[in-house]
Amino acid sequence: MRRTLTLITALACALAVAPPAHAVPPLPDPDRPIGWGERATGGAGGPVHVVTTRKELKDALATGGPKTIHVRGTIYGNQTDDGVLLGEQDYAPGYDLGKYLACFVGGKVWSDQAHAWCGQMRRLRQTGSNNQKRQIQLTVPSDTTLLGIGADARLEGVFLSVNTGSNIIVRGLELESPIDHFTSWDPGDGESGSWNARFKAFGIVTGSTIWIDHCTFTDGQHLDRDAPTGPNGKPVNRHDGLLDIEDGSDLITVSYSRFVNHDKNMLVGSGDGRGDRDRGKLRVTYYGNLFDGVSQRSPRVRYGAVHVFNNYYRGSVTGEQPLVSNELGGPSHYLGLGIESRVYSEHNAFEYDGPQDIVVQNWNAHRFFDRRSWFNGRPVDVVAVARRKFEAAKAAELAKAAAAGSAPPAWTALEFTTDVGWAPAEVYAYRPLVNANLVKRTVLEYASPAALNLPAPG
């Protein structure tokens, strides 16, 4: 009897101190990353630089050795050292988008002879693009922590980049994607042509051991849908990726960040033909992130061993940034599986007011795993969607090869499998949330710069 009373008393005490069922749990360790980027320490031990302008940020980044840089207020990538904000005509006087487009005969083939100005527009577009790149690109070196201080810490129109740098931390910042004034039209890209913008909000090239945390990535007030219309009715796309990880980059964690109202969100991998650089690398962990109104690539993976867990995806066919899935005739998708990708997905919450197929797109990837994710609050078989799209693409390629009397691509000999060749639990410690509502509440509570609760500027 005494033992029974002891157990009852212990249970009562446990219930008395347990948080209410609706409470959002605290982060496992808000000051340390989980996953592939867990060894990042940034500029720990080095001096602290406080910056409020582009010039101050550029100078701080150029200092040697470990360092922490505190960003206060808004820093504008297009702002000169004397405070002038540059625009299209400052970078390339005389450039005109309408004249540039008029030089594509029928919207398909460029001709310097189509109009008297075509040669000039071609040269001005390239010159302007190079001038803008020199102005807005700021490169983060190794052993650096870049930290937003206060609610208004922002990089607006900055092309933040890592180029071979390692041991880098970026936290607590809002990054508004640069507007590419000199985006280019490629009529041969896809069935109906495509715009190719040059500048990212954050681009990582051959970088390693990086933690990106509690940041917001957005197009701000400059959505591509509001841009002028180009050939084939396509709006002029002035933005590239929000966060692209390329060229053998490795050991990266992206956590508790927001990606909002954007089209081509983030790539992992440089291209189908870059296996020589990317195989065995591109190890990335994404957890606790909000993807809100992001049309595609969250992420889109080639070659990488990528862990995606406890993220919250939401979008709408009629939203501020409309998402149109494959079944509705559009390109929108949440997870993108590419060549030799090895994506391990689990406990992600997907929401969409259209077909379920938006959860994943497959570009010939035969390996993919998902554990207990949800679509609109109910369990969803993400693996079945990925498998179906792989088998459909395979059947189409085999039929095409048979009709042409040619050999099919090598990947058509592969069979779809959930064995991705690795498991996160064998590499690092983590404990995912296993309830859809808890995932949503946790992400909405913590995925923003404000959730860091850093002191406002003094």
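Residues numbered from 1 in each chain as written. Predicted model: local features only at pLDDT ≥ 70, side-chain atom pairs only at ≥ 80, totals over all residues. Heavy atoms only, no water.

**Q** Honestly, the overall build of the protein in this entry has me stumped. Any pointers?
**A** Each helix and strand in the protein was counted, giving eight helices and 30 strands. Its C-alpha atoms give the protein a radius of gyration of 24 Å, near enough to 23 Å, the size a compact globule of 458 residues would have. A principal-axis box enclosing the C-alpha atoms of the protein has dimensions of 100 × 65 × 40 Å. Classification of the 458 residues of the protein by burial places 53% in the buried group. A total of about 19900 Å² of accessible surface is found on the protein, and carbon and sulfur atoms cover 52% of it. (Helix = DSSP H or I, 4+ residues; strand = E, 2+ residues; numbered from the N terminus. Rg over C-alpha atoms; globule rule 2.2 N^0.38 Å. Buried < 20%, exposed > 50% of the residue type's maximum accessible area, 1.4 Å probe, protein only. Areas by Shrake-Rupley, 256 points an atom, 1.4 Å probe, with all protein chains shown as cover.)

**Q** What is the right way to read the nonpolar core from this model?
**A** It is characteristic of soluble globular proteins that their nonpolar side chains tend to be buried jointly. Residues Phe202 and Phe217 are the most contacted members of the largest nonpolar core, which totals 65 residues. Among the elements that line this core, the one with the most residues is helix H7 (residues 382-404), at five residues. Ignoring sequence-local partners within four residues, the contact set of Phe202 consists of Leu160, Ser161, Val162, Val170, Leu175, Ile212, Phe217, Leu242, Leu243 and Asp244. If you look at the next biggest cluster of nonpolar residues, it comprises 17 residues, including Tyr95, Phe104, Phe159 and Phe199. (Core = buried A, V, L, I, M, F, W, Y, C linked by side-chain atoms within 4.5 Å. Contact = heavy atoms within 4.5 Å.)

**Q** Looking at this structure, how should I read unusual backbone geometry?
**A** Trans peptide bonds make up most of the peptide bonds, and negative phi angles are found at most residues other than glycine. Note the cis peptide between Ser298 and Pro299, where omega equals -5°. Relative to the helices and strands, Pro299 resides in the loop between strand E20 (290-296) and strand E21 (300-301). Phi is positive for Asn310, which is not a glycine, with a value near 55°. Structurally, Asn310 can be placed in the loop between strand E22 (305-309) and strand E23 (312-315).

**Q** Any chance you could explain the state of the cysteines here in plain terms?
**A** One covalent bond between the sulfur atoms of two cysteine residues makes up a disulfide. If you walk through the whole model with that rule in mind, you get one disulfide. Each sulfur of the disulfide joining Cys103 and Cys118 lies 2.0 Å from the other. Between Cys103 and Cys118, the disulfide has an S-S torsion of -95° and is therefore left-handed. You can see Cys103 sitting in the loop between helix H4 (97-102) and strand E3 (104-105) and its partner Cys118 sitting in helix H5 (residues 118-136), a full 15 residues away along the chain. A relative accessible area of 0% means that Cys118 is categorised as buried. (Disulfide = S-S within 2.5 Å.)

**Q** Looking at this model, I keep getting lost on the environment of Arg171. Mind explaining?
**A** One can find Arg171 in strand E8 (residues 166-171). Assessed through its relative accessible area of 9%, Arg171 is described here as buried. Sequence-distant contacts of Arg171, that is, excluding residues within four places in its chain, are made with Pro30, Asp31, Leu146, Leu147, Gly148, Trp211, Asp213, His214, Cys215 and Leu452. Only 2.7 Å separates the side chain of Arg171 from the side chain of Asp213, close enough to count as a polar contact. (Polar contact = N/O pair within 3.5 Å; in protein donor to acceptor, adjacent residues only side chain to side chain.)

**Q** Sorry, what's going on with the UniProt feature "domain: Pectate lyase" (unreviewed entry) in the protein here?
**A** UniProt marks residues 129-356 with the feature "domain: Pectate lyase" (unreviewed entry), using the numbering shown here. For the annotated span residues 129-356, helix accounts for 5% and strand for 45% of the residues, and the straight-line distance between the end C-alpha atoms is 40 Å. (UniProt positions renumbered as here; feature names shortened; annotations may be inferred.)

**Q** Looking at this model, I keep getting lost on empty space enclosed by the protein. Mind explaining?
**A** Within this structure, the stated rule accounts for one cavity of 30 Å³ or more. Considering only enclosed or pocket space, the largest cavity measures out at about 70 Å³ in volume. Residue lining of the largest cavity: Leu27, Pro28, Asp29, Pro30, Arg32, Ile34, Arg171, Trp211, Asp213, His214, Tyr256 and Tyr287, and that is the complete set. Among the residues making up the lining of the largest cavity, the classes are represented as seven nonpolar, one polar and four charged. (1 Å grid on protein atoms, 1.4 Å probe; cavity = no way out; pocket = protein on both sides within 12 Å on 5 of 7 lines; lining within 4 Å. Points joined across faces, edges and corners; volume = space filled by probe spheres on them. Nonpolar A, V, L, I, M, F, W, Y, C, P; charged D, E, K, R; others polar.)

**Q** Help me understand the pattern of salt bridges in this model?
**A** When the charged atoms of two side chains with opposite charge come close together, those side chains can pair. Taken as a whole and assessed by the stated rule, the structure comprises 22 salt bridges. Lys200 serves as the salt-bridge partner of Asp240, at 2.6 Å between the closest nitrogen and oxygen. Taken together, the residues Asp240 in the loop between strand E14 (216-218) and strand E15 (243-246) and Lys200 in the loop between strand E11 (194-196) and strand E12 (202-205) connect sequence positions 40 residues apart. When sorted by exposure, Asp240 lands in the same class as Lys200, which is buried. Here Glu246 ties to Lys200 by a salt bridge, and the two come within 3.8 Å at their closest N and O atoms. Highlighted residues: Glu246 in strand E15 and Lys200 in the loop between E11 and E12, separated in sequence by 46 residues. Assigned by exposure class, Glu246 and Lys200 land together as buried. (Salt bridge = Lys/Arg side-chain N within 4 Å of Asp/Glu carboxyl O.)

**Q** Can you help me understand the layout of surface pockets in this one?
**A** Think of a ball as big as a water molecule: rolled over the atoms, this probe shows where empty space is left. In this structure, the largest pocket encloses a volume near 1400 Å³. Considering the residues around the largest pocket, the lining is formed by 36 residues, among which Ser194, Lys234, Lys264, Gln296 and Pro331 are closest to the centre. Elements represented by at least two residues in the lining of the largest pocket include exactly E11, strand E17 (258-264) and E20. In terms of residues, the lining of the largest pocket owes the most to one element, E11, which gives three residues. In terms of residue class, the lining of the largest pocket is built from nine nonpolar, 16 polar and eleven charged.

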